[in-house]
Amino acid sequence: MNILVTGGAGFIGSNFIRLLLEGSDDVVVNFDLLTYAGNLGNLAGCEDDPRYRFIRGDVRDRSQVRAALTGHRIEAVVHFAAESHVDRSVEGPEVFVTTNVLGTEILLEESRAAGVGRFVMVSTDEVYGSLGPEGAFTESTPLAPNSPYSASKAAADLLCRAFFKTFDFPVLITRCSNNYGPYQFPEKLIPLMIANALEDKPLPVYGDGQNVRDWLHVRDHCRAVDLVLRRGTPGGIYNIGGCNELKNLDLVRLLVDRLGKSRDLITFVSDRPGHDRRYAIDAGKIMAELGWAPTVTFAEGLSGTIEWYLANGAWLEQVRSGLYTAYYERLYGAGGRYGREEDRA
Ligand code: NAD
Ligand code: TYD
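Residues numbered from 1 in each chain as written. Chains lettered and ligands numbered in written order. Predicted model: local features only at pLDDT ≥ 70, side-chain atom pairs only at ≥ 80, totals over all residues. Heavy atoms only, no water.

Asks: For the site of ligand 2, give the residues involved together with the corresponding values.
Replies: In the region of ligand 2, 19 residues are neighbours, and Glu126, Pro204, Arg213, Arg272 and His275 sit closest. Coverage of ligand 2 by the protein amounts to 97% of the 510 Å² it exposes when considered alone. Of all the elements in the fold, those that place two or more residues in the shell around ligand 2 are helix H6 (189-198) and strand E8 (203-206). Of the residues assigned to the shell around ligand 2, the class counts are nine nonpolar, five polar and five charged. (Near = heavy atom within 4 Å. Areas by Shrake-Rupley, 256 points an atom, 1.4 Å probe, with all protein chains shown as cover. Helix = DSSP H or I, 4+ residues; strand = E, 2+ residues; numbered from the N terminus. Nonpolar A, V, L, I, M, F, W, Y, C, P; charged D, E, K, R; others polar.)

Asks: Mind laying out the packing of helix H8 (residues 248-258) against helix H10 (residues 298-311), listing which residues take part and the relevant values?
Replies: Two numbers describe a pair of packed helices, the interaxial angle and the distance between the axes. With their axes 11 Å apart at the nearest point, H8 and H10 run at an angle of 55° to one another. In terms of orientation, H8 and H10 fall into the oblique class. By crossing handedness, the relation of H8 to H10 is classed as right-handed. Within the contact between the two elements, H8 uses Leu251, Leu254, Leu255 and Arg258 and H10 uses Phe298, Ala299, Leu302, Ser303 and Ile306. Counted by class, the contact of H8 with H10 contains seven nonpolar, one polar and one charged residues. (Axes fitted to C-alpha atoms, helices over the stretch in contact; angles between N-to-C directions. Parallel < 35°, antiparallel > 145°, perpendicular 65-115°, else oblique. Left-handed = near helix turned anticlockwise from the far one by under 90°. Contact = heavy atoms within 4.5 Å.)

Asks: Explain the nonpolar core to me, and be specific about the residues and the numbers.
Replies: Counting 79 residues, the largest nonpolar core has Phe16, Val78 and Ile286 as its most contacted members. For Val78, the residues in contact, after removing those within four places along its chain, are Ile3, Leu4, Val5, Thr6, Phe16, Val120, Val122, Val225 and Leu229. (Core = buried A, V, L, I, M, F, W, Y, C linked by side-chain atoms within 4.5 Å. Buried < 20%, exposed > 50% of the residue type's maximum accessible area, 1.4 Å probe, protein only.)

Asks: Could you give an account of the site of ligand 1, naming the residues involved and the relevant values?
Replies: Around ligand 1 there are 30 residues in total, and Ile12, Asp32, Ser84, Tyr149 and Lys153 lie nearest to it. Tyr149 has a polar side-chain atom sitting 2.6 Å from an oxygen atom of ligand 1. For ligand 1, whose accessible area on its own is 840 Å², the fraction buried by protein is 97%. Mapped by element, the contributors of at least two residues to the shell around ligand 1 are helix H1 (11-23), strand E5 (118-124), helix H5 (148-167) and strand E7 (178-180). Counting residues per element, the shell around ligand 1 draws most heavily on E5, at three residues. (Polar contact = N/O pair within 3.5 Å; in protein donor to acceptor, adjacent residues only side chain to side chain.)

Asks: Could you give an account of the packing of aromatic side chains, naming the residues involved and the relevant values?
Replies: By the definition in use, this model includes 15 aromatic pairs. Aromatic side chains Phe16 and Phe80 sit 5.3 Å apart centroid to centroid with 55° between the ring planes, which places their arrangement in the tilted category. Placement of Phe16 in helix H1 and of Phe80 in the loop between strand E4 (76-79) and helix H3 (86-91) is noted, with a sequence separation of 64 residues between them. With a centroid separation of 5.2 Å and 90° between ring planes, the pair formed by Tyr36 and Phe185 is classed as edge-to-face. In this pair, Tyr36 is assigned in the loop between strand E2 (27-32) and strand E3 (52-56) and Phe185 in the loop between E7 and H6, connecting sequence segments 149 residues apart. Aromatic rings pair up to connect Tyr183, Trp308, Tyr309 and Trp315 into one cluster. The cationic tip of Lys285 hangs over the ring face of Tyr238; the distance from NZ or CZ to the ring centre is 4.5 Å. (Phe/Tyr/Trp six-rings, centres within 6.5 Å; stacked < 30°, edge-to-face > 60°. Lys NZ or Arg CZ within 6 Å of the ring centre and 35° of its normal.)

Asks: Talk me through the sheet that holds E4; I want residue IDs and the actual numbers.
Replies: One open sheet accounts for seven strands, arranged E3-E2-E1-E4-E5-E6-E10; its pairing is parallel. Edge positions in the sheet fall to E3 and strand E10 (237-240), since each has one partner strand and no second. For this sheet the average axis-to-axis angle between neighbouring strands, irrespective of direction, equals 20°. (Pairing = 2+ DSSP bridges.)

Asks: I'd like to hear about empty space enclosed by the protein, residue by residue, with values.
Replies: The final tally for this structure, using the stated rule, is two cavities of 30 Å³ or more. The volume enclosed by the second largest cavity comes to roughly 50 Å³. Considering the residues around the second largest cavity, the lining is formed by Val86, Glu126, Ser147, Arg213, Arg272, Pro273, Gly274, His275, Asp276 and Tyr279. Split by residue class, the lining of the second largest cavity holds three nonpolar, three polar and four charged. (1 Å grid on protein atoms, 1.4 Å probe; cavity = no way out; pocket = protein on both sides within 12 Å on 5 of 7 lines; lining within 4 Å. Points joined across faces, edges and corners; volume = space filled by probe spheres on them.)

Asks: Residue-level account of the sheet that holds strand E9 (residues 212-217), with values.
Replies: Pairing in this open sheet of three strands is mixed, and the strands run E7-E9-E11 from one edge to the other. The open sheet has two free edges, formed respectively by E7 and strand E11 (245-247), since each of these has just one partner strand. Strand-to-strand, the axes of this sheet are offset by a mean angle of 50°, without reference to chain direction. Where E7 meets E9, three bridges bridge the pair, whose relative direction is parallel.

Asks: Could you give me a rundown of the environment of Leu227, with the residues and numbers involved?
Replies: Looking at the secondary structure, you find Leu227 in helix H7 (residues 218-231). A relative accessible area of 18% means that Leu227 is categorised as buried. Residues Leu227 and Leu69 lie 158 residues apart in sequence; the distance between their C-alpha atoms is 22 Å.

Asks: Provide a residue-level description of the pairing of E9, including the pertinent values.
Replies: Of all six residues that make up E9, six are buried, and the element is covered over most of its length. Side-chain alternation along E9 places Val212, Asp214 and Leu216 on one buried face and Arg213, Trp215 and His217 on a second face that is also buried. Pairing between E9 and E11: three bridges, direction antiparallel. Paired with Asp214 across the strands is Glu245, a residue of E11.

Asks: I'd like a rundown of the pattern of salt bridges, residues and numbers included.
Replies: Using the criterion set out here, one finds 18 salt bridges in the structure. For the salt bridge of Asp49 with Arg51, the shortest nitrogen-to-oxygen distance reads 3.2 Å. Here the two residues Asp49 and Arg51 agree in accessibility, since each one is buried. The partner of Lys201 in a salt bridge is Glu199, and the shortest N-O contact between them spans 2.8 Å. Residue Glu199 is classed as partly exposed on the basis of its relative accessible area, which comes to 45%. (Salt bridge = Lys/Arg side-chain N within 4 Å of Asp/Glu carboxyl O.)

In structure tokens, the structure reads:
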């Protein structure tokens, strides 16, 4: 198959491309704008594979999307490209609407016109909103997004549904829980805490630290997306999750302990506005229908991830330079939304 992977230079997209190149004979076209989150360094070693091509392009640019689809005779699309960070969506929602909503709509229309036979929309569990202490999201849980990020993903997710219902366009939707693993940009919880702890910097925990996330290793998410791509039922929605719930504070303590650092680095900061309390996924459908199950235990996955960040200091330094530094200062520096209380006084 000729597969277009959008957002292939980001965290999950690059792990997915590695999986495809290792485990299939597909031709893979990576279509990515290379925003702050996109990094060709995530694909080091893949450039030499004759089945791999890179196109720098914007999903909001119809002519670029059309040229990529027709020029490479694309048969399947896996759509990862997005603005993906909740805190950034609180700071500036507009780009989340243009990239995540309009970009998805353009990709859908052009893919349909180009006769694409499978279109996987990588959505998120955050479209369901927040859970109380009990229960888990199923595919029929009503969508109730709470952040500009999750609202934009829900809009894109529903556009995919509409393209299936209205045009019989073969869309498949995945909704996964929080991922962790190599190549994750250090604005997300786990790599941010590792990077800060390594430099003995404060570890900003939002609110009371009791928010719960369900963590899944990126490799298991990619295996699930690959199964949905090849064997999922068109129009189907597939929840993906790790059955691995952790409170943020417990996770940060675990990381600090594993890194041999002091728990005194943990700093409670103002809560994220609209902060979802708990996510948990019921992944029974993909397990029963496609035989998927997580393979990486959290203990192994977390150790491997810590080791990866320790061994890839140059990668970390490169992505933490430049624009990221300005963003971090704006949010976590004195006077910023997540600046320490004492700095704010
Ligand atoms: P990421 O931010 O690491 O990567 C996003 C990629 O999209 C980057 O390479 C970026 O350059 C590219 N991109 C952004 N705007 C673009 C545009 N206009 N045109 C083309 N490319 C563009 O994100 P991620 O964590 O790898 O997430 C990938 C997808 O998975 C997203 O759609 C996200 O909503 C979804 N998801 C993520 C998680 C998670 O825990 N990270 C969980 C569930 C679902
Ligand atoms: P994040 O990695 O941003 O993922 P998401 O918001 O998509 O779940 O955050 C995971 C959890 O960690 C979330 O409850 C917010 C919290 N968090 C902190 O407490 N401090 C931080 O500096 C960050 C980035 C996140």
